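# Structure at a glance
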Amino acid sequence: MYNKKTILIILLVIFFIFLLSFNNTAFGKYILNFDLQAANINIDRCPPKIELLDIENSNLNYEHYANKTHNITFKFKITEKNILKNNFNSNYIKFSLDNKIISPKNFKITLFSQNNNELLYDIKISGIDGNGILKINILEGAIIDSSNLKSDNKVFDTGILIDNVPPITIFKETLLSSGKSLANFNCNEKVRSLIGWNLSDNKMVLSKEFSNIIEYPIPITDYAQNTSYSNVSIKTASYIRLNYGTYDASDNNINLQEAGNIAGYNTITNNLIYKTEALMVHYKDSLDSTLLQGRAYLYMHFGEGSTDNCKYSELPYSYGYNPSNSDWISMSSSALHLAYIQGKLCMQFRRSRYECW
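Residues numbered from 1 in each chain as written. Predicted model: local features only at pLDDT ≥ 70, side-chain atom pairs only at ≥ 80, totals over all residues. Heavy atoms only, no water.

Looking only at helices and strands, the protein chain features two helices and 26 strands. Taking all 357 residues of the protein chain together, 33% fall into the buried category. Of the contacts formed within the protein chain by residues at least 6 apart in sequence, a portion of 60% connects residues at least 24 apart. With an accessible surface of roughly 22,800 Å², the protein chain has 52% of that area assigned to carbon and sulfur atoms. (Helix = DSSP H or I, 4+ residues; strand = E, 2+ residues; numbered from the N terminus. Buried < 20%, exposed > 50% of the residue type's maximum accessible area, 1.4 Å probe, protein only. Contact = heavy atoms within 4.5 Å. Areas by Shrake-Rupley, 256 points an atom, 1.4 Å probe, with all protein chains shown as cover.)

Laid out in structure tokens, this is it:
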């Protein structure tokens, strides 16, 4: 047991220690902060970004096809706010057809919009020779930023087929039981529709029925707007039997030919004063004598009230319009417009005087 004296001494020691500690404690009303900026570093870890936004093709309604005559415009966006070097030019922009590098005859780059973060460019090309799928290659380093990061090498597939070759066609005639003929043009590629002709579902066959012998050229155009001219050549159709002829003043001769042949060839090809004086048409069809109609009228200046007869058909004509500016004639017309030419009853257009004019 400690005695009272010892306890008192211990309490006094503790008291003095407390006093010493109290004297070394400080209290403040204010707190001071110090912020020292050692460096300002802008860290850019993203390389410049190049995007193809839009494509415009002047080949309207067939925008996935083009030839050398069409204008194609590409809209590009470059995203980068710290551009160090801009190489977006013809040295870094290349075009290819099926991986073969090409050089369009016309190539124009236009910067049409710019702000702190992006650039918008139009690239317009035309005069593209060759054939194949058009691609654009933007080479690495077309844009370099302040962190020395380069834009990636990028290849853009435009989805446009460049085609500068006209379609190749094969013609076929098939005689039908009705006496008509079915004409088919089989094409080596898709072609556009043609007025009066049927186009197959695969867009590669044009077809049409013909009632008579006939031959003439038609234009066949592919999706890229290349055109080839192919001959319709109907030789076996007999639904309508057609003959036509001319009266040529150069030799006073009537040339009556079957359809598909040329009447009055010598007069057409010779440089003569005299030309064709009249046109005759004969046809016989299975159904209707009014199926084919024609109209031709001339103003005859032989003196008012005068009349005369054609020197070879003896059909009458008179001063003024013959027959009129609104009459149509057919194989069922009155005898005033029909004449037998080489044993065939024909519609006759225009008359010939005994003294040629």
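With that settled, the discussion passes to the pairing of strand β18 (residues 240–248). Looking at chain direction, β18 and strand β19 (residues 253–258) are connected through six bridges and run antiparallel. Residue pairing across strands places T246 opposite N255, the latter belonging to β19. (Pairing = 2+ DSSP bridges.)

Once that is clear, we can look at the side chain of N57. For N57, the position within the fold is in strand β1 (residues 49–57). A distance of 3.1 Å separates a polar side-chain atom of N57 from the backbone nitrogen of N59. A polar atom in the side chain of N57 sits 2.9 Å from the backbone oxygen of E63. Those residues in contact with N57 that sit more than four places away from it in its chain are Y62, E63, Y65, A66, H70, N71, I72 and I160. (Polar contact = N/O pair within 3.5 Å; in protein donor to acceptor, adjacent residues only side chain to side chain.)

Here we take up the packing of aromatic side chains. Within the structure shown, the criterion is met by eleven aromatic pairs. For the pair F171 and F185, a centre-to-centre distance of 5.0 Å together with 55° between the ring planes defines the contact as tilted. Of the two residues, F171 is situated in strand β12 (residues 169–175) and F185 in strand β13 (residues 181–187); the sequence distance between them amounts to 14 residues. Take F185: its relative accessible area is 1%, and that puts it in the buried class. Geometrically, the ring pair formed by F185 and W197 is tilted, given 5.7 Å between the ring centres and 50° between the ring planes. With F185 in strand β13 and W197 in the loop between β13 and β14 (198–199), the pair connects residues that are twelve residues apart, well separated along the chain. (Phe/Tyr/Trp six-rings, centres within 6.5 Å; stacked < 30°, edge-to-face > 60°.)

Let's shift gears to the pattern of salt bridges. One pass over the full model with this rule turns up four salt bridges. Several salt bridges share partner residues, and in doing so they unite K68, K105 and D129 into one network. (Salt bridge = Lys/Arg side-chain N within 4 Å of Asp/Glu carboxyl O.)

This part takes up the sheet that holds strand β6 (residues 100–102). Across the sheet, five strands lie side by side as β2-β11-β9-β5-β6; this open sheet has mixed pairing. Taken across any chain shown, the strands that pair with only one partner, and hence form the sheet edges, are β2 (65–66) and β6. Where strand β9 (residues 132–138) and strand β11 (residues 154–162) come together, six bridges link them in antiparallel fashion. Looking across to β11, one finds that I138 is bridged to K154.

Below, the discussion takes up the sheet that holds β14. One open sheet holds the four strands; their spatial order is β12-β13-β15-β14, and the pairing between them is antiparallel. Bordering the open sheet on either side are β12 and β14, each of which pairs with just one other strand. Pairing of β14 with strand β15 (residues 205–210), which is carried by two bridges, proceeds in the antiparallel orientation. Residue pairing for β15: L199 is matched across the bridge by L206.

Of all residues in the protein chain, 83% have pLDDT values of 70 or greater, and the mean over the chain is 84. Confidence drops under a pLDDT of 50 for residues 25–30, and excluding neighbours within four residues, the segment shows zero contacts in the predicted structure. (pLDDT = per-residue confidence, 0-100.)

For C187, the location among the structural elements is in strand β13. It is 9.3 Å that separates the C-alpha atoms of C187 and D222, two residues lying 35 residues apart in sequence. Excluding anything up to four places from it in sequence, C187 contacts I168, T169, M204 and I220.

This part takes up unusual backbone geometry. For N61, which is not glycine, the phi dihedral falls at a positive 70°. Its location among the elements puts N61 in the loop between β1 and β2. In this structure, D98 is a non-glycine residue whose phi angle is positive, near 50°. Position of D98 among the secondary structure elements: in the loop between β5 (93–97) and β6. When its relative accessible area of 52% is taken as the criterion, D98 is described as exposed.

With respect to the element layout, T73 can be found in strand β3 (residues 72–79). The residues touching T73, leaving out its near neighbours within four places in the chain, are D54, I55, E56, D122, I123 and K124.

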